[in-house]
Amino acid sequence: MGMFCHFGMNTFTANEWGKGDDSPEIFNPTDFDARQWADIAKKAGCKYLMLTAKHHDGFCLWQTETTDYSVKSSPWRGGKGDVVRECAEACREYGIKFGVYLSPWDRHEPCYNDPALYDEYYSRQLTELLTGYGDIYEVWFDGAGSEGRKYDWHKWLSIVHRYQPNAMVFNMGIPTIRWVGNEVGLAPYPCWNTAEAARVSMFTDDMTTWLPETSNWVPVECDVPIRNQKWFWHAGEEDCIRPLEELIRIYYHSIGHGANLLINLAPDNTGKIPQCDADRLLEMTEKMKRRFCCPLFEGTGQGTSVTWDLPGETRFNHLILMEDISQGERVKGYQLKALTHDGWKTIIGDGIAIGHKKIDRFDTVTATKLLFECTACDAEPLLRSVRAYYVEDRS
Ligand code: FUL
């Protein structure tokens, strides 16, 4: 799980997509505190934080040499502030990874209409971000607004590979991680780790054209804003914060289907994440931590048919299965059975993928043994972990 932070010019206007003509004068958070963002991410158990270093309006949150349309021209910290730097430092301090979103679509930059010039312009921005701020864990290439546009992905990816060879690359060029294809946080099932293409953006059904060097191992990331359809903070929209039950549903349908969940909490115009958004996220993550902290049974397994002895009569209604994906995603079909007083009972009859993680929920059973039967696979199943839980409150 990671935390997305959409912050920028739109935080100070009513826009989700600024046109690139808002004055830098209005960018002036009064109490900017990236450590507060990192602290929330850490408490929620997020392993990484992604920042919109530049959104579609072209306004840059770092001290770039490429344009004046940046924090340098704003009154914030006398034009000396650098959101990217403070964020990178806060993440380091809190022990979480840091990633950057750099919108290819740029509604401010005049050279955007000249593809060769813009490819070069964007290359310089990417180079600044990937050389000036320490380790970058993920580079987020958003397809929105770029439908049909051709960029020099070879050039851009060579920059990523040169300066941040370990960075995850989101959805474009030579991606290592792909978009789920929606912004509601729900991954389909099965959600295979391998794919040859993914959807480009919300505004087209076109699929990405990845460069031939792309590996077909491209796991899914589910990005979703905690405020329904709002990536940026806007005053008076607290009622858009998704209810706890919806966040739990998202958890089961993203993480529970083996995907990464990247949940957006937008800092407000003071430069802090509103307490109500943070509280809702922590309500969800605390609940899931309590739910899955203490398995009643934990095992591993290898082979197409594996039986485990449970610790006596065990009452459970959740199983979390994990494959050893360092050896690939091998299982293509499975069943789970439990030995009850009445004999073997099928608790999952139609399992398909497991991959990194599959959370299965079913009616409570009391059993002394658990049986995994693989019904289809590419190679011998390697189960890195099998854990059983009883969850009282299943809402
Ligand atoms: C979309 C953008 O248009 C939204 O503003 C947001 O940045 C989201 C993560 O991606 O495609």
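Summary of the structure given here. (Residues numbered from 1 in each chain as written. Predicted model: local features only at pLDDT ≥ 70, side-chain atom pairs only at ≥ 80, totals over all residues. Heavy atoms only, no water.)

### Let's talk about the packing of helix H1 (residues 34-43) against helix H2 (residues 83-94)
Where H1 contacts H2, the two axes come as close as 8 Å, and the packing angle between them is 40°. When the axis of H1 is compared with that of H2, the two are oblique. Judged by the sense of rotation from one axis to the other, the crossing of H1 with H2 is right-handed. Contacts from Ala34, Arg35, Trp37, Ala38, Asp39 and Lys42 in H1 reach Val83, Glu86, Cys87, Ala90, Cys91, Glu93 and Tyr94 in H2. (Axes fitted to C-alpha atoms, helices over the stretch in contact; angles between N-to-C directions. Helix = DSSP H or I, 4+ residues; strand = E, 2+ residues; numbered from the N terminus. Parallel < 35°, antiparallel > 145°, perpendicular 65-115°, else oblique. Left-handed = near helix turned anticlockwise from the far one by under 90°. Contact = heavy atoms within 4.5 Å.)

### Some details on H1
Within the sequence span of H1, burial applies to Ala34, Gln36, Trp37, Ala38, Ile40 and Ala41. Contacts made by the buried residues of H1 are with strand E1 (2-5), strand E2 (48-54), H2 and helix H6 (275-292). Downstream of H1 by a residue or two, Gly45 has a phi angle that is positive, lying close to 85°. (Buried < 20%, exposed > 50% of the residue type's maximum accessible area, 1.4 Å probe, protein only.)

### A short note on H6
Here H6 spans 25 Å end to end across 18 residues, near enough to the 26 Å set by a 1.5 Å rise per residue. Where H6 is concerned, the buried positions are Asp277, Ala278, Leu281, Leu282, Met284, Thr285, Lys287, Met288, Arg291 and Phe292. (Expected span 1.5 Å × (residues − 1).)

### A word on the nonpolar core
Counting residues in each nonpolar core, the largest one holds 99 residues, and the members touching the most others are Met3, Trp37, Leu49, Val83, Phe98, Leu126 and Phe141. When residues no more than four places from it in sequence are discounted, the contact partners of Leu49 are Met3, Cys5, Trp37, Ala38, Ala41, Cys87, Cys91, Ile96, Lys97, Phe98 and Gly99. Judged by nonpolar contacts, the second largest core, of 23 residues, contains Phe297, Leu319, Phe362 and Phe372. (Core = buried A, V, L, I, M, F, W, Y, C linked by side-chain atoms within 4.5 Å.)

### Topic: the side chain of Ser254
Inspection of the secondary structure assignment puts Ser254 in the loop between helix H5 (244-253) and strand E10 (260-264). Among the polar contacts listed, one links the side chain of Ser254 to the backbone oxygen of Ile250, at a separation of 2.7 Å. (Polar contact = N/O pair within 3.5 Å; in protein donor to acceptor, adjacent residues only side chain to side chain.)

### What to know about the pairing of strand E15 (residues 358-377)
In terms of strand pairing, strand E12 (residues 305-323) meets E15 through twelve bridges, oriented antiparallel. Residue Thr307 lies in a different strand from E15, and its bridge partner there is Leu371. Where strand E13 (residues 331-340) meets E15, eight bridges bridge the pair, whose relative direction is antiparallel. In the strand pairing of E15, Lys337 is matched with Leu371. (Pairing = 2+ DSSP bridges.)

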